[in-house]
Amino acid sequence: MINIELDPRIVDFCPQVQIGLINAIVVNSPTCDELWLEMETEAQIIRQSYELLAINKRPAIAATRNLYKKLGKDPGRYRVASEALCRRIVRGLGLYRLTALIDIVNLVSVKSGYPISGLDADKIEGDTLTMGVGEKDEQYYGIGRGLLNIE
């Protein structure tokens, strides 16, 4: 069982934060056509519902951007993952078809507006997963972006 801890600064700035955890034994596979059709359907809904400059007004995205600001990060430069996905959709750039597990995580993120994380539990060291605030000299490699400053 994995324990989840939240950095107290996150709780201070966002006391209503809620974390959900789904733990499952799965076998990843290529994305099936049925799942991809659901992703394309949701993308069409996003394209029809939002203009580019209105995406950051979606409640879940706005709340996450607000937390970024309170923690000292510019959400215009370092976008919330769900916002970045929705912006790609509205701009007509489409989404990458990756694997079933990644595409499910992306679908939930696009539908909800919340940044969602999918992790391989076998790669987690120890029994605690900490949702923290980026510190100086911590490294994070963004997909397609390389090394990012997360301080």
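Enumeration over the complete set of coordinates arrives at six salt bridges. Across the pair Glu135 and Arg9 runs a salt bridge whose closest N-O atoms are separated by 2.5 Å. With a gap of 126 residues between them, Glu135 in the loop between strand S2 (128-131) and strand S3 (139-142) and Arg9 in helix H1 (residues 8-13) connect regions that are remote in the sequence. As a salt-bridge pair, Arg79 and Glu83 come within 3.4 Å of each other at their nearest N and O atoms. Three or more residues are tied together by salt bridges with common partners; here these are Asp7, Arg9 and Glu135.

Considering every residue of the protein, the mean pLDDT works out to 92; 99% of them sit at 70 or more. Confidence, expressed as mean pLDDT per element, reaches its minimum in the protein at S3 with 80 and its maximum at helix H2 (residues 33-49) with 97.

This brings us to unusual backbone geometry. Phi angles above zero are rare outside glycine, and Asp137 is one such case at about 75°. Of note, Asp137 is situated in the loop between S2 and S3. By relative accessible area, Asp137 is classed as exposed at 69%.

Turning next to the packing of aromatic side chains. Taken as a whole and assessed by the stated rule, the structure comprises zero aromatic pairs. The ring of Tyr78 is capped by Lys73, whose NZ or CZ atom sits 4.0 Å from the centre of that ring.

Now for the nonpolar core. Grouped together as the largest cluster of nonpolar side chains are 14 residues, with contacts concentrated most on Met39, Ile46, Cys86, Ile89, Leu95 and Val110. At five residues, H2 tops the list of elements feeding residues into this core. Setting aside chain neighbours within four positions, we find Cys86 in contact with Ile46, Ile55, Arg58 and Val110.

Looking at the secondary structure, you find Ala54 in the loop between H2 and helix H3 (59-70). Taking the C-alpha atoms as reference points, Ala54 and Arg87, separated by 33 residues in sequence, lie 9.7 Å from one another.

Here the focus is the packing of helix H4 (residues 81-90) against helix H5 (residues 100-112). Axes are the key here: two packed helices are described by the angle between their axes and the distance separating the axes. Where H4 contacts H5, the two axes come as close as 9 Å, and the packing angle between them is 85°. Put simply, H4 runs roughly perpendicular to H5. Across the interface between the two elements, Ser82, Leu85, Cys86 and Ile89 from H4 touch Asn106, Ser109 and Val110 from H5. Its residues assigned to classes, the contact of H4 with H5 shows four nonpolar, three polar and no charged.

Calculation criteria
- Residues numbered from 1 in each chain as written.
- Predicted model: local features only at pLDDT ≥ 70, side-chain atom pairs only at ≥ 80, totals over all residues.
- Heavy atoms only, no water.
- Salt bridge = Lys/Arg side-chain N within 4 Å of Asp/Glu carboxyl O.
- Helix = DSSP H or I, 4+ residues; strand = E, 2+ residues; numbered from the N terminus.
- pLDDT = per-residue confidence, 0-100.
- Buried < 20%, exposed > 50% of the residue type's maximum accessible area, 1.4 Å probe, protein only.
- Phe/Tyr/Trp six-rings, centres within 6.5 Å; stacked < 30°, edge-to-face > 60°.
- Lys NZ or Arg CZ within 6 Å of the ring centre and 35° of its normal.
- Core = buried A, V, L, I, M, F, W, Y, C linked by side-chain atoms within 4.5 Å.
- Contact = heavy atoms within 4.5 Å.
- Axes fitted to C-alpha atoms, helices over the stretch in contact; angles between N-to-C directions.
- Parallel < 35°, antiparallel > 145°, perpendicular 65-115°, else oblique.
- Nonpolar A, V, L, I, M, F, W, Y, C, P; charged D, E, K, R; others polar.

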